[in-house]
Every structure is written in C-alpha cells, then in structure tokens.
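Results of the structural survey
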Amino acid sequence: GGEHITGETLNVGLGGLFAATRETPPVGQRLSLHLTLPRWDESLVVDGEVRWVHAGEDSGDRNGVRGVGVKFVKLHLYVAAALDNFVRSHARVR
C-alpha cells in the first residue's frame, strides 16, 4: 500500500480534478483516487496522475488553496458515466 492523502475536491470534470490537500505529492506521481459522490452508494476508484501542484501562496487562481491538479488515467466507462451525471447535475447555469 502507498501513502494515504485525504483532500476535498473543489473542481471536477471528465478529464480530472483539483483537490485541496495538506500534502502535495510531486508532479508526475500516479495516484489511486477514491471519490465519493452525493447519492452514490460506493466510492469510485479512479487512476490519476498529478499534473500540477499549487503550494498555497496567495498568488494564482486558486485563492491561496494548497492542492493538486490531477489528470484521470484510463477512466472506466461506469466511472465516466457517474462523473458525467454528477458534473451535469451540478453545472452552473449562465
């Protein structure tokens, strides 16, 4: 087993997510993500890769939040369908 990091997903789409985390794994590190969606009985397991890290300074577009940008790798069809449904149901109408 690898290191366990807990974070709050602040932005998610079919390509990946941004998660606020205390620890920031290095860019390029592969992760096994366990996502919990509202009204979904089990967590979704998704493979990902850290694409960028935000150290938490007050500069930048993440409002000083420390975290990581993760690209999904090999998204299983049922996970993609669940994420698509979640994203569509929570999309902001402009």
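The preceding data block contains the structure.
About the criteria used
- Residues numbered from 1 in each chain as written.
- Predicted model: local features only at pLDDT ≥ 70, side-chain atom pairs only at ≥ 80, totals over all residues.
- Heavy atoms only, no water.
- Helix = DSSP H or I, 4+ residues; strand = E, 2+ residues; numbered from the N terminus.
- Buried < 20%, exposed > 50% of the residue type's maximum accessible area, 1.4 Å probe, protein only.
- Polar contact = N/O pair within 3.5 Å; in protein donor to acceptor, adjacent residues only side chain to side chain.
- Contact = heavy atoms within 4.5 Å.
- Core = buried A, V, L, I, M, F, W, Y, C linked by side-chain atoms within 4.5 Å.
- Phe/Tyr/Trp six-rings, centres within 6.5 Å; stacked < 30°, edge-to-face > 60°.
- Pairing = 2+ DSSP bridges.
- Expected span 1.5 Å × (residues − 1).
- Arc of directions from axis to C-beta.

**Observations concerning unusual backbone geometry**
Although it is not a glycine, Arg-39 sits at a positive phi angle of roughly 60 degrees. Following the sequence through the fold, Arg-39 ends up in the loop between strand S3 (30-35) and strand S4 (44-54). A positive phi is found at Lys-74, a non-glycine position, where the angle reads about 55 degrees. Residue position: Lys-74 is located in the loop between strand S5 (67-73) and helix H1 (77-89). Judged by relative accessible area, Lys-74 falls into the exposed class, the value being 71%.

**A short note on the side chain of Thr-21**
Note on placement: Thr-21 falls in strand S2 (residues 16-21). The class for Thr-21 is buried, based on a relative accessible area of 9%. A distance of 2.6 Å separates a polar atom in the side chain of Thr-21 from the backbone oxygen of Glu-23. In this structure, Thr-21 is in contact with Ile-5, Thr-6, Gly-7, Arg-66, Gly-67 and Val-68, ignoring residues within four places of it in sequence.

**Some remarks on the nonpolar core**
Core analysis: the biggest nonpolar cluster contains 16 residues, and Leu-17, Leu-33, Leu-35, Leu-44, Val-46, Val-70 and Phe-72 have the highest contact counts within it. Among the elements of the structure, S2, S3, S4, S5 and H1 are those that each provide at least two residues to this core. Sequence-distant contacts of Val-70, defined by excluding residues within four places in its chain, comprise Gly-15, Gly-16, Leu-17, Leu-31, Leu-33, Gly-48, Glu-49, Val-50 and Arg-51.

**Comments concerning the packing of aromatic side chains**
Applying the stated criterion across every chain, the model contains 1 aromatic pair. Taking the centre distance of 5.3 Å and the plane angle of 10 degrees together, the rings of Phe-18 and Trp-52 count as stacked. Of this pair, Phe-18 sits in strand S2 while Trp-52 sits in strand S4, placing them 34 residues apart in sequence. Look at Trp-52 and you get partly exposed, because its relative accessible area is 33%.

**Some points on the pairing of S4**
Note that S3 and S4 share 6 bridges and pair antiparallel. Bridged to Leu-31 within S4 is Gly-48. Of the pairings in the sheet, the one linking S4 to S5 comprises 7 bridges and is antiparallel in character. When the bridges of S5 are listed, Trp-52 appears paired with Gly-69.

**Quick notes on H1**
Helix length check: H1 (13 residues) gives 18 Å between terminal C-alpha atoms against 18 Å at 1.5 Å per residue, within 8%. Taken together, the buried positions of H1 are Val-79, Ala-80, Ala-82, Leu-83 and Phe-86. One side of H1 carries all its buried residues, which in axial view fall inside an arc of 165 degrees. Opposite its buried face, H1 presents the exposed residues Leu-77, Asn-85 and Arg-88, each directed more than 90 degrees away. Where H1 is buried, its residues touch strand S1 (7-12), S3, S4 and S5.

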